[in-house]
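Here are the chains, one letter per residue:
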Amino acid sequence: MPTREILTFQFGHYSNFIGTHWWNIQEAGFEYNPSLPSEIDHDVLFREGLTPQGRVTYTPRLLLVDLKGSLRTLTQEGELYDSHENASEVTTQWQDGKVELKEQEKEFKNEFQNDLMTEKPEVVMKKKYNLESEVKVWSDYLYPRLHPRSVNIVDEYEHCNPETPFDSFSLGSELWKYSFEDNFVDKIRNYLEECDCLQGFHMLTDCTNAFAGLSATCLEYLHDEFEHKSVLVFPSIPAYFPDNDFETAKEQVYSIMNDSVRVINTLLSFNKYVSFSSLFAPLCASQNGWRQPGIPREFYHTNFNHKLPYHSGAILASALDTATLKYRLKASNMSLGDLSCDLTSNGRKAVVASLCLPFSFNADADFIECLDLWDGPLYKSLSPRCSIGTERVVQHLTLRGIEEARLKKPPNKAGKQRDMPAYQCKTIKDMLEFYLGCTTYASINSVATVAKGMPTKNPFPTFFDEWINADGNVHWTPRAENMRVDSVPVLAGFHSSTDIGAMFESLHSEAAKLKITRFHQFALERDEYEESLNDLLSFKENYEDNYLI
């Protein structure tokens with residue numbers, strides 16, 4: 001069976017925080033023991049290649065975009081193929097004394113990145129690091145090595161430079177048309193020429209700044225050139241914006257203006273995703289998303305700091321890596337296109353992403369007992385201002401980290417378990433689908449399962465509480481202080497329901513309050529903005545037919 005490849009795009013600094021965790025999780029899950037082959041087909045998202053020296057490489061099939069100054073110690077060419085010259089060794093044709101050579105101040109690698117170059121992987125995976133205080137940009141905790149075509153830098157704009165903010169949808173779309181498209185499209189084609197059976201694209205993108213316009217214009221190109229390939233878009237919103245912590249009246253005005261710009265970017269980008277994506281799932285680790293991200297979401301036995309993109313990015317990456325396993329398993333017949341078709345009936349292209357991290361499972365429990373005693377919903381929404389609902393839902397879920405041996409007790413030891421209807425289920429998959437059928441009304445539930453949990457070794461954040469042991473299960477005695485959690489059970493999925501309409505109604509309500517003529521950076525007329533508002537309302541109507549699943 002040919003590999004069903006997917007090319008991944010990452011547009012924007014926060015999306016690269018999420019994407020870095022996603023690639024780290026995948027690489028940490030590689031199996032090198034031929035007697036224990038992985039259930040996951042890593043060739044879907046990774047590619048094999050050769051360095052100029054003939055060394056075999058295995059790198060993400062990835063094109064990421066960020067601003068100048070966002071890489072710190074990572075070179076744009078990456079390290080596997082690095083041929084970056086030392087500035088002190090560069091020769092010029094100018095006469096001596098006629099030119100002065102100045103070097104930019106050198107960035108130094110943190111302990112984790114240094115150890116990647118000098119220590120064995122098993123040492124790096126177990127060592128204790130202080131990444132919460134050391135991570136400044138996403139490359140500070142990047143584990144895989146990247147292909148030289150993967151990293152693409154927008155030199156016209158500088159990371160965290162308030163003098164030239166890359167902050168509006170219009171800036172991003174104009175950048176694509178006038179200086180970015182040609183070189184980037186060549187790289188897309190280079191990747192696709194290597195594929196045997198391309199099934200589509202992942203696009204992880206910031207939707208609150210100018211990367212919304214850049215990604216939307218790229219999406220339009222993909223739609224025109226590869227119309228029959230599926231594109232799953234993940235618009236991402238940080239769980240926290242530093243300007244929301246204002247202290248003075250001037251800072252408050254600045255924050256309100258920035259929030260308004262972010263709302264407009266989100267509105268314009270969502271309309272493009274509706275038109276040109278196959279499916280899109282907005283992501284935010286806080287509850288509100290726009291105007292201000294709001295209260296951070298809470299997960300069992302997890303204490304993440306929503307102000308750190310290193311933490312909130314790990315939350316969202318956990319959901320992406322788990323939910324997308326449905327079409328990345330070796331034994332799966334599902335494709336990205338199949339997922340899109342199942343979830344987008346009646347024009348409902350937007351779905352809710354969900355997560356349960358970790359899936360709270362007692363070390364001495366059986367799965368049947370765990371579900372029977374579960375209080376509340378199994379999973380939490382990761383999409384802003386949107387619940388999942390329990391009626392007329394189409395949902396695809398993946399549960400990883402619970403072995404079939406823990407399904408239920410054998411008949412001679414089952415006791416009261418034998419009286420439960422769920423005791424007739426033969427697999428974890430069947431029992432979870434049975435549970436979903438009992439707790440949702442008139443819904444379509446599809447479940448995939450993976451025996452191994454999600455790896456949480458370095459550089460994954462250490463935000464699990466002391467009751468989660470190294471194996472990811474809940475224990476009655478606290479975990480030793482120097483013990484790291486190696487893996488955890490995770491449940492994640494995508495859901496389509498009428499409740500999603502509330503998300504678009506909320507966005508429309510916020511965007512309609514704004515007068516676009518006050519925001520000159522968008523280069524939009526009032527009629528164009530009104531049309532965008534009306535388009536969003538029209539799309540919302542797809543979620544109002546309650547008789548439809």
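Residues numbered from 1 in each chain as written. Predicted model: local features only at pLDDT ≥ 70, side-chain atom pairs only at ≥ 80, totals over all residues. Heavy atoms only, no water.

**A word on the overall build of the protein**
Inclusion rule: Helix and strand labels come from DSSP, where a helix needs a run of H or I of at least four residues and a strand needs a run of E of at least two; each type is numbered from the N terminus. Burial here depends on accessible area, computed with a 1.4 Å probe over protein chains only, as a share of the maximum for the residue type. Under 20% is buried, over 50% is exposed, and the range in between is partly exposed. We call two residues contacting when some pair of their heavy atoms lies within 4.5 Å. Only the protein chains shown count as covering a residue, and every accessible area follows the Shrake-Rupley method with a 1.4 Å probe. We score Asp and Glu as negative and Lys and Arg as positive, and we do not count His or the chain ends. Lysine's charge is taken at NZ, arginine's at CZ, aspartate's at CG and glutamate's at CD.
A tally of helices and strands in the protein yields 13 helices and 16 strands. By its C-alpha atoms, the protein is 90 × 60 × 55 Å across when sized along the principal axes. Counting the 549 residues in the protein, one finds 56% classified as buried. Counting only contacts in the protein whose residues sit at least 6 apart along the sequence, the fraction spanning at least 24 positions is 79%. Roughly 25200 Å² of accessible area belongs to the protein as shown, and the carbon and sulfur atoms make up 49% of that amount. The averaged location of the 79 negative side-chain charges in the protein is 4 Å from the averaged location of its 53 positive side-chain charges.

**Topic: the packing of helix H7 (residues 249-276) against helix H13 (residues 526-540)**
Threshold: Interaxial angle, 0 to 180 degrees, is taken between N-to-C directions of lines fitted to C-alpha atoms, where a helix line uses only the stretch in contact. Angular relationships are summarised with four words: roughly parallel below 35 degrees, roughly antiparallel beyond 145, roughly perpendicular across 65 to 115, and oblique for the angles in between. Here is the rule for handedness: rotate from the far helix to the near one, and if that takes an anticlockwise turn smaller than a right angle the crossing is left-handed, while a clockwise turn gives right-handed. When residues are sorted by character, Ala, Val, Leu, Ile, Met, Phe, Trp, Tyr, Cys and Pro go into the nonpolar class, Asp, Glu, Lys and Arg into the charged class, and all the rest, Gly among them, into the polar class.
Orientation of H7 relative to H13, taken along the N-to-C sense of each, is 55 degrees, at an axis distance of 10 Å. In terms of axis orientation, H7 runs oblique to H13. Here H7 runs over H13; the crossing is left-handed. Of H13, the residues touching H7 (which contributes Ile264, Leu267, Leu268, Phe270, Asn271 and Val274) are Tyr529, Ser532, Leu533, Asp535, Leu536 and Phe539. When its residues are assigned to classes, the contact of H7 with H13 shows nine nonpolar, two polar and one charged.

**Some thoughts on helix H6 (residues 211-225)**
Applicable threshold: Here the expected span of a helix is defined as 1.5 Å times the quantity of residues minus one.
Between its terminal C-alpha atoms H6 stretches 21 Å, which fits the 21 Å expected from 15 residues at 1.5 Å a residue. For H6, a buried count of eleven out of 15 residues is recorded, marking the element as mostly surrounded by other parts of the structure. Those residues of H6 that sit buried are Phe211, Ala212, Gly213, Leu214, Ser215, Ala216, Thr217, Cys218, Leu219, Tyr221 and Leu222.

**So, a negative patch on the surface**
Condition: Only residues above 30% relative accessible area that lack a salt bridge enter a patch, with like-charged residues linked at up to 9 Å and the nonpolar side chains Val, Leu, Ile, Met, Phe, Trp and Tyr linked at up to 5 Å. Take a side-chain nitrogen of Lys or Arg and a carboxyl oxygen of Asp or Glu: if they are within 4 Å of each other, that pair is a salt bridge.
On the surface, Glu525, Asp527, Glu528, Glu530, Glu531 and Asp535 cluster together to form a negatively charged patch. Note that Glu528 resides in helix H13. You can call Glu528 partly exposed: its relative accessible area is 37%.

**Some details on the pattern of salt bridges**
On inspection of all chains with the given rule, the structure shows 19 salt bridges. Between Asp245 and Lys307 there is a salt bridge, with the nearest N and O atoms lying 3.3 Å from each other. Of this pair, Asp245 sits in the loop between strand E7 (230-237) and H7 while Lys307 sits in the loop between strand E9 (283-284) and helix H8 (309-323), and the two are 62 residues apart along the sequence. Looking at Asp245, the relative accessible area reads 42%, which means it is partly exposed. Taken together, the salt bridges that share partners define one network made up of Arg47, Arg149 and Glu194.

**Focus: the environment of Cys195**
Tracing the backbone shows Cys195 in the loop between helix H5 (169-193) and strand E6 (200-206). Here the alpha-carbon distance between Cys195 and Val44, two residues 151 residues apart in the chain, equals 9.7 Å.

**Regarding the sheet that holds strand E12 (residues 394-400)**
What counts is decided by this rule: What makes two strands pair is DSSP finding at least two bridges between them.
Read from one edge of the open sheet, five strands run E11-E10-E16-E12-E13, paired in mixed fashion. The outermost strands of the open sheet, each flanked by one partner alone, are strand E11 (380-381) and strand E13 (444-450). The pairing of E12 with E13 spans seven bridges and is classified as parallel. Within the sheet, the bridge partner assigned to Gln395 lies in E13 and is Asn445. Sitting on the sheet, H8 touches strand E10 (352-356), E12 and strand E16 (490-496), and the angle it makes with E16 is about 75 degrees.

**Describing the environment of Thr75**
If you trace the backbone, Thr75 turns up in the loop between strand E4 (62-68) and helix H2 (111-118). It is 9.1 Å that separates the C-alpha atoms of Thr75 and Pro148, two residues lying 73 residues apart in sequence.

**Thoughts on the side chain of Arg479**
Heads up, the condition is: Pairing of N or O atoms within 3.5 Å defines a polar contact, subject to two protein rules: one partner must be a possible hydrogen donor and the other a possible acceptor, and residues neighboring in sequence count only if both atoms are side-chain atoms.
With respect to the element layout, Arg479 can be found in the loop between strand E14 (454-455) and strand E15 (487-488). One buried charged side chain, Arg479, makes no salt bridge at all; its nearest oppositely charged neighbour is Asp465, positioned 5.6 Å away. Separated by 2.8 Å, the side chain of Arg479 and the backbone oxygen of Asp465 make a polar contact.

**With respect to the packing of aromatic side chains**
Put simply, the test is: Geometry of aromatic contacts follows a simple scheme: Phe, Tyr and Trp rings, the Trp one being its six-membered ring, pair when their centres are within 6.5 Å, and the pair is stacked under 30 degrees between planes, edge-to-face over 60, tilted otherwise. Counting as a charge over the ring demands two things of the Lys NZ or Arg CZ atom: a distance within 6 Å of the ring centre and an angle within 35 degrees of the ring normal.
Considering all chains together, one arrives at 41 aromatic pairs under this definition. For the ring pair Phe299 and Phe304, a centre distance of 6.4 Å and an interplane angle of 50 degrees mean the geometry is tilted. Judged by relative accessible area, which is 7%, Phe299 ranks as buried. Taken together, the ring pairs in this structure connect Phe9, Phe11, Trp176, Phe180, Phe184, Phe201, Tyr221 and Phe226 into an aromatic cluster. Over the ring of Tyr191 we find Arg149; its NZ or CZ atom is 4.4 Å from the centre of that ring. Positioned above the aromatic ring of Tyr423, the side-chain terminus of Lys408 is 4.4 Å from the ring centre.

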